[in-house]
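Residue-level structural notes
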Number of protein chains: 2
Amino acid sequence: MTDRHLLDFWFEFASTYSYPAAMRIAPLAKTRSIKVRWRPFLLGPIFKAQGWDNSPFNLYPAKGRYMWRDLERICAALGLPFVQPDPFPQNTLLASRVAMAALMQGWGEDYSLAIYRAEFGEGRNIAEPATIASVLSALGHNAEQVIQQAQSDAIKAGLRAQTETAQRLGIFGAPSFVTADGELFWGNDRLEAALDWAKR
Amino acid sequence: MTDRHLLDFWFEFASTYSYPAAMRIAPLAKTRSIKVRWRPFLLGPIFKAQGWDNSPFNLYPAKGRYMWRDLERICAALGLPFVQPDPFPQNTLLASRVAMAALMQGWGEDYSLAIYRAEFGEGRNIAEPATIASVLSALGHNAEQVIQQAQSDAIKAGLRAQTETAQRLGIFGAPSFVTADGELFWGNDRLEAALDWAKR
């Protein structure tokens, strides 16, 4: 396996279509022998640069109504539990910082899947530190300690830098996938195409 | 074949992803025995209702840059010729009125495919009456006569009504697909899902 067969998975916990993408990516990448690098980032600053102060699914109600129905159909087809989160979108700053810390410690993928499941599978509010703490505890981690690590200056700066990198790569939404040769793919429905490109 | 197995294909000639969708829909529908009804409409009034006075691909440059590259990849994979049209988007009012007339006369599908090919396959400007006339002539029609028919009050009102219907159905972009039981699917990448739903 060379670096050529590496795919960066750019995700944001508030992003609805990132949920099925996160659930699907590991098995699909495995069958193609592609290494996936999980890269959390924040859509807020990127949306702000596009003039949006809210999710486009809230700003454009017809698009929003469609997206919830579409996501419901997609989850049903995949056999994934789905509950429309309320409020939407949720503040994902702490959850994302914890993901940065967890990824550095090698268990970030399990944590990220558990956060997506809590938010979109169970309708829990992942903006609440208590929700994050209970996800961490269920995974066998010391929640208080991890949350403290996640609020270090290094992690805060790391997440900021990662969001700036996303923007520099031309990323404008989530999920996004970037291959080693710089091809950008956007959306859960582009996951297979991104993996196929990474395999070339 | 019952009405249950009917799929409405809502398309707009200025819509980039409608090009591969238009090229793909007939063979895919045929293998599933689904009847497709081609329904041209105008995105302009729908975008205006969302506060946009231009294509979102122009209003949001990062999204636009991505779309052109994505479309290029999609066309390459399908073996479809692709030239980025300039200007973009093009005024599609006359081309759409001609489509309404042609569909009533039973040759609207061939005409629509030829218009998409001219615009996105050859980079011609379909806002020009001369381009539309040459497409009509190449299909063996009396261009002058058809263009005159297309500017009748009935056709003008018909296209306006169809655009209002699209909006009422919750359509906010193109291509869109609507099944007989009212399920809406948006985007070239949802064509198969729409056909599968129509087949249920």
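What this report covers is the structure whose coordinates are included nearby. Because the structure is predicted, anything quoted here is derived from the model rather than measured. (Residues numbered from 1 in each chain as written. Chains lettered and ligands numbered in written order. Predicted model: local features only at pLDDT ≥ 70, side-chain atom pairs only at ≥ 80, totals over all residues. Heavy atoms only, no water.)

**A look at the overall build of chain A**
Inclusion rule: Working definition: helices are DSSP H or I runs of at least four residues, strands are E runs of at least two. Numbering for both runs from the N terminus. Think of it in three bands: with a 1.4 Å probe and only protein chains considered, a residue is buried below 20% of the maximum accessible area for its type, exposed above 50%, and partly exposed in between. Using a 1.4 Å probe, accessible areas were evaluated by the Shrake-Rupley method; residue-level cover was limited to the displayed protein chains. Counted as positive: Lys and Arg. Counted as negative: Asp and Glu, with His and the chain ends omitted from the count. Where a charge sits is defined by one atom per residue type, namely NZ (Lys), CZ (Arg), CG (Asp) or CD (Glu).
If you tally the helices and strands in chain A, you get 10 helices and 4 strands. Start at the N end of chain A and walk to the C end: the helices and strands fall as β-α-β-α-α-α-α-α-α-α-α-β-β-α. Counting only C-alpha atoms and orienting by the principal axes, one finds that chain A spans roughly 45 × 40 × 35 Å. Among the 200 residues that make up chain A, the fraction classed as buried is 55%. Total accessible area on chain A is roughly 8900 Å²; 52% of this is exposed by carbon and sulfur atoms. Charged side chains of chain A number 21 positive and 20 negative; the gap between the two group centres comes to 4 Å.

**Topic: the sheet that holds strand β3 (residues 176-179) of chain B**
All names here are of chain B. This is how the line gets drawn: Strands were regarded as paired on the criterion that DSSP finds at least two bridges between them. All axes are obtained by fitting lines to C-alpha atoms, using only the stretch in contact for helices, and the reported angles, taken between N-to-C directions, cover 0 to 180 degrees. Pairs of residues are marked as contacts when any of their non-hydrogen atoms sit within 4.5 Å.
Taken together, 4 strands build an open sheet; the order of strands is β2-β1-β3-β4 and the sheet is mixed. Either end of the sheet is taken by a strand with one partner, and the two such strands are β2 (35-40) and β4 (184-186). Looking at each pair of strands side by side, their axes are set apart by 20 degrees on average, direction ignored. Note that strand β1 (residues 6-11) and β3 share 4 bridges and pair antiparallel. Bridging from a neighbouring strand, D8 pairs with V178 of β3. Sheet contacts for helix α10 (residues 191-199): β1, β3 and β4; angle to β3, the most-contacted strand, approximately 10 degrees.

**Focus on the nonpolar core**
Applied cut-off: Think of a nonpolar core as a cluster: buried Ala, Val, Leu, Ile, Met, Phe, Trp, Tyr and Cys residues, connected wherever their side-chain atoms sit within 4.5 Å.
If you look at the biggest cluster of nonpolar residues, it comprises 138 residues, and the most contacted ones within it are A:Y111 and B:Y111. If we ignore the near neighbours within four places in the chain, the residues touching B:Y111 are B:F13, B:A95, B:V98, B:A99, B:A102, B:I132, B:V135, B:L136 and B:L139.

**Looking at the packing of helix α5 (residues 93-104) of chain A against helix α6 (residues 108-121) of chain A**
Residues and elements named next belong to chain A. Rule in force here: Throughout, the term roughly parallel applies to angles under 35 degrees, roughly antiparallel to angles over 145, roughly perpendicular to angles from 65 to 115, and oblique to all others. Amino acids are sorted into nonpolar (Ala, Val, Leu, Ile, Met, Phe, Trp, Tyr, Cys and Pro), charged (Asp, Glu, Lys and Arg) and polar (every other residue, Gly among them).
Where α5 contacts α6, the two axes come as close as 8 Å, and the packing angle between them is 155 degrees. Taken together, α5 and α6 sit at an angle that is classed as roughly antiparallel. Contact residues: α5 offers A95, V98, A99, A102 and L103, while α6 offers G108, E109, Y111 and S112. Class assignment of the residues belonging to the contact of α5 with α6 gives a composition of 6 nonpolar, 2 polar and 1 charged.

**Here we look at the interface of chain B and chain A**
Counted only if it meets this: By definition, the buried area sums, over both parts, the 1.4 Å-probe accessible area that each loses when the two are put together. One speaks of a salt bridge when a side-chain nitrogen belonging to Lys or Arg is within 4 Å of a carboxyl oxygen belonging to Asp or Glu. Think of a polar contact as two N or O atoms within 3.5 Å of one another; within protein, one of them needs to be a possible hydrogen donor and the other a possible acceptor, and neighboring residues in sequence only count if both atoms come from side chains.
Between chain B and chain A, the residue contacts involve 20 residues of the former and 20 residues of the latter. When the buried area of chain B at its contact with chain A is split by residue, B:K63, B:Y66 and B:R190 rank highest and sum to 29% of it. Close ionic contact of A:R190 with B:D70 constitutes a salt bridge, the shortest N to O distance being 2.8 Å. At the junction of chain B with chain A, the criterion picks out 15 residue pairs in polar contact (both at pLDDT 80 or more). If you list the elements that add at least two residues to the side of chain B that touches chain A, you get α4 (61-78) and β4 of chain B. Looking at which element gives the most residues to the side of chain B that touches chain A, the answer is α4(B), with 7 residues. For the side of chain B that touches chain A, the residue count by class is 11 nonpolar, 2 polar and 7 charged.

**Some thoughts on the packing of aromatic side chains**
We apply this condition: In this analysis, rings of Phe, Tyr and Trp, with Trp reduced to its six-membered ring, are considered paired at centre separations within 6.5 Å, and the interplanar angle assigns stacked below 30 degrees, edge-to-face beyond 60, and tilted for intermediate values. Whether a charge lies above a ring is judged from NZ of Lys or CZ of Arg, which has to be within 6 Å of the ring centre and within 35 degrees of the ring normal.
Tallied over the full model, the rule gives 44 aromatic pairs over all chains. Between A:F11 and A:W38, the ring centres sit 5.3 Å apart and the planes meet at 75 degrees, which makes this aromatic pair edge-to-face. With A:F11 in strand β1 (residues 6-11) and A:W38 in strand β2 (residues 35-40), this residue pair connects regions lying 27 residues apart in the sequence. Neither residue differs from the other here; A:F11 and A:W38 are each classed as buried. Note on A:F172 and B:Y66: the rings are 5.4 Å apart at their centroids and 55 degrees apart in plane angle, and the pair reads as tilted. Here A:F172 is found in the loop between α9 (153-168) and β3 (176-179), whereas its partner B:Y66 is found in helix α4 on a different chain. B:Y66 carries the same exposure label as A:F172, and that label is buried. Following the ring pairs from residue to residue traces out a cluster consisting of A:F9, A:F11, A:F13, A:Y19, A:W38, A:W107, A:Y111, A:Y116, A:F120 and A:F177. Positioned above the aromatic ring of B:F185 is the side chain of A:R73, whose terminal nitrogen or guanidinium carbon lies 3.7 Å from the ring centre. The ring of B:W197 has B:R200 lying over it, and the distance from NZ or CZ to the ring centre is 3.8 Å.

**A look at the pattern of salt bridges**
Residues and elements named next belong to chain A. A full pass over the atoms with the stated rule returns 24 salt bridges over all chains. For D70, the salt bridge is made with R73, and the minimal N-O distance between the two is 3.1 Å. With D70 and R73 both in helix α4 (residues 61-78) and 3 residues apart, this pair spans about one turn of that helix. There is no split in this pair, since D70 and R73 are both buried. Among the salt bridges present, the one from R124 reaches E122, with a minimum N-O distance of 3.1 Å.

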